[in-house]
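Structural features, examined
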Amino acid sequence: MAGWTTHEGMAVALPRADIDTDQLIPARFMSASRSEGYGQYLMRDLREGDGDFPLDRHPEASMLIAGPNFGCGSSREAAVYALVDAGIRVVIAESFADIFAGNAVNNGLLPARVADTPEILAAMGDGTAQVTVDLEAAELRVNGKAHAFDLPRLWAEKLINGWDDIDLTRAHLDTIAAFRAARQERHPWAWPRTT
């Protein structure tokens, strides 16, 4: 996955609390192959019967501004796949479910925790906004107004470098090898004998 430091694009408002992973991708679609893409299943049940769903009106949107507790429910990583495959790069909300947020970062999707999300949503007259995201500054600009977001340093490193947990571990291979060699020298009795 490619890393990134800034992203600019359209965000759509989805002012609902507790959007869970089953709403993001209903379980019945998870038998499809990931190679086919999950974007077509994103929020399928919420979209059906709603001729005015924000993502249907604005398919070019690359960001969502949502209510609190986004990504709650089960730990299915497919919920993140559906967002990413549909072209979503950033979700802005007051809060996220922990497992969802970790899965998001591992797949290049920023879960931007912004305390004043309700004010941002209230100011979105037509339900859209132009947003610029800067990972290094942990700041986003919504229609020109700056808002800080909470981004742990480790998450920023993973997003900027395009790393998942395995890549992060690989970045420390020299340190790991040095630790292993020193430990083996100090405690030779703890290592299996080689013939």
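Scroll up a little and you will see the structure.
Residues numbered from 1 in each chain as written. Predicted model: local features only at pLDDT ≥ 70, side-chain atom pairs only at ≥ 80, totals over all residues. Heavy atoms only, no water.

**Considerations on the sheet that holds strand β3 (residues 90-93)**
To be explicit about the condition: Being paired, for any two strands, means DSSP has found at least two bridges between them. Each helix is a run of H or I in the DSSP string that is no shorter than four residues. Each strand is a run of E no shorter than two, and both are numbered from the N terminus. With axes taken as lines fitted to C-alpha atoms, and helix axes fitted only over the stretch in contact, angles between N-to-C directions fall between 0 and 180 degrees.
With respect to topology, seven strands assemble into an open sheet ordered β4-β3-β2-β1-β5-β6-β7, the strand pairing being mixed. With one partner strand each, in any of the chains shown, β4 (110-113) and β7 (145-148) form the two edges of the open sheet. Adjacent strand axes in the sheet meet at a mean angle of 30 degrees when their direction is disregarded.

**Examining the pairing of β7**
Of the pairings in the sheet, the one linking strand β6 (residues 139-142) to β7 comprises four bridges and is antiparallel in character. Across the sheet, V142 pairs through a bridge with K145, a residue of β7. What sits between β6 and β7 in their antiparallel hairpin is a turn of two residues, with N143 showing a positive phi close to 50 degrees.

**Section: the packing of helix α5 (residues 98-106) against helix α7 (residues 153-161)**
Our working rule: Note on contacts: a residue pair qualifies if any of its non-hydrogen atoms lie within 4.5 Å across the two residues. Residue type decides the class: Asp, Glu, Lys and Arg count as charged, Ala, Val, Leu, Ile, Met, Phe, Trp, Tyr, Cys and Pro as nonpolar, and the leftover types, Gly among them, as polar.
Their axes nearest at 9 Å, the elements α5 and α7 cross at an angle of 35 degrees. Contact residues: α5 offers A101, G102, V105 and N106, while α7 offers W155, K158 and L159. Taken together, the residues of the contact of α5 with α7 break down into four nonpolar, two polar and one charged.

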